[in-house]
Amino acid sequence: MWGVAVPKLACMQRAAAAASALGLFSRLQTPVPTMRTFSLSQPSHKVADPVWNLGRLNHVAIAVPNLEKASTFYKNVLGAQVSEAVCLPEHGVSVVFVNLGNTKMELLHPLGKDSPIAGFLQKNKAGGLHHICIEVDNINTAMMDLKEKKIRTTTEEAKIGAHGKPVIFLHPKDCDGVLVELEQA
């Protein structure tokens, strides 16, 4: 495979030189071949068997100051399938799901002044990325394991989330500044 790149580059250089001689290009940029390598070898240290496993990305949540406007944008401008708004008073939010085929976006809007999303929108007036949600195969085991690893959660126990499944949020200070939601698969 790599043997093909050199003749192709030489051919491109000859074509570029001919085009330049004919005055077809006022400025010529010759592509520089790059080689990207990565290793498939196993790490040098043995990792213990996991007691729980991460699954797929369930959704990316975006806090929005105007839920109707955001829903209309994704539905009418981008052509996405958009759910009806659902109020979740136990979480202090209204949510709309935008189906993207391989995952979803969750549009969040505060329900009342005490909503955590209200605080987020006070700091980010235009809205923005709020959290990511990743499925896990055993949320209770994941919670115990993460607690042992000194990863904080925003609540002591899992709550039922927008999909009717148990969820827990990991503190962003322990996750490189990202609020991570884990959801039972």
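Because the structure is a prediction, the values reported are computed rather than measured.

Regarding the nonpolar core
Among the nonpolar cores identified, the biggest contains 12 residues, and these are Trp52, Ile134, Val136, Ile139, Ala142, Met143, Leu146, Ile168, Leu170, Cys175, Val180 and Leu182. Elements with a minimum of two residues in this core: strand E6 (128–136), helix H4 (139–148), strand E8 (166–170) and strand E9 (180–184). Of the residues forming this core, the biggest block, 4 residues, is contributed by H4. Look past the residues within four positions of Cys175 in its chain and what remains in contact with it is Leu170 and Val180.

A few points about unusual backbone geometry
With a phi angle near 65°, Lys150 is a residue other than glycine that sits in the positive phi range. Structurally, the position occupied by Lys150 is in the loop between H4 and strand E7 (159–160). Look at Asp176: it is not a glycine, yet its phi comes out positive at around 55°. Following the sequence through the fold, Asp176 ends up in the loop between E8 and E9.

Things to note about helix H3 (residues 116–123)
If you check which residues of H3 are buried, you get Ile117, Ala118, Phe120 and Leu121. Relative to the axis of H3, the buried residues are bounded by an arc of 160° and lie together on one face. Of the exposed residues in H3, the ones pointing more than 90 degrees away from its buried face are Pro116, Gln122 and Lys123. On the buried face of H3, the contacting elements are strand E1 (54–63), strand E4 (93–99), strand E5 (104–110) and E6.

Overview of the side chain of Glu135
Mapped onto the secondary structure, Glu135 falls in strand E6. Given the relative accessible area of 11%, Glu135 is considered buried. Not counting the four nearest positions on each side in its chain, Glu135 is found in contact with Asn53, Leu54, Gly55, Arg56, Asn58, Glu183 and Ala185.

A look at the environment of Leu129
Along the polypeptide, Leu129 turns up in strand E6. Taking relative accessible area as the criterion, Leu129 reaches 55% and is therefore assigned exposed. As for Leu129 and Val178, which are separated by 49 residues in sequence, their C-alpha atoms are 9.4 Å apart.

The rules behind these values
Residues numbered from 1 in each chain as written. Predicted model: local features only at pLDDT ≥ 70, side-chain atom pairs only at ≥ 80, totals over all residues. Heavy atoms only, no water. Core = buried A, V, L, I, M, F, W, Y, C linked by side-chain atoms within 4.5 Å. Buried < 20%, exposed > 50% of the residue type's maximum accessible area, 1.4 Å probe, protein only. Helix = DSSP H or I, 4+ residues; strand = E, 2+ residues; numbered from the N terminus. Contact = heavy atoms within 4.5 Å. Arc of directions from axis to C-beta.

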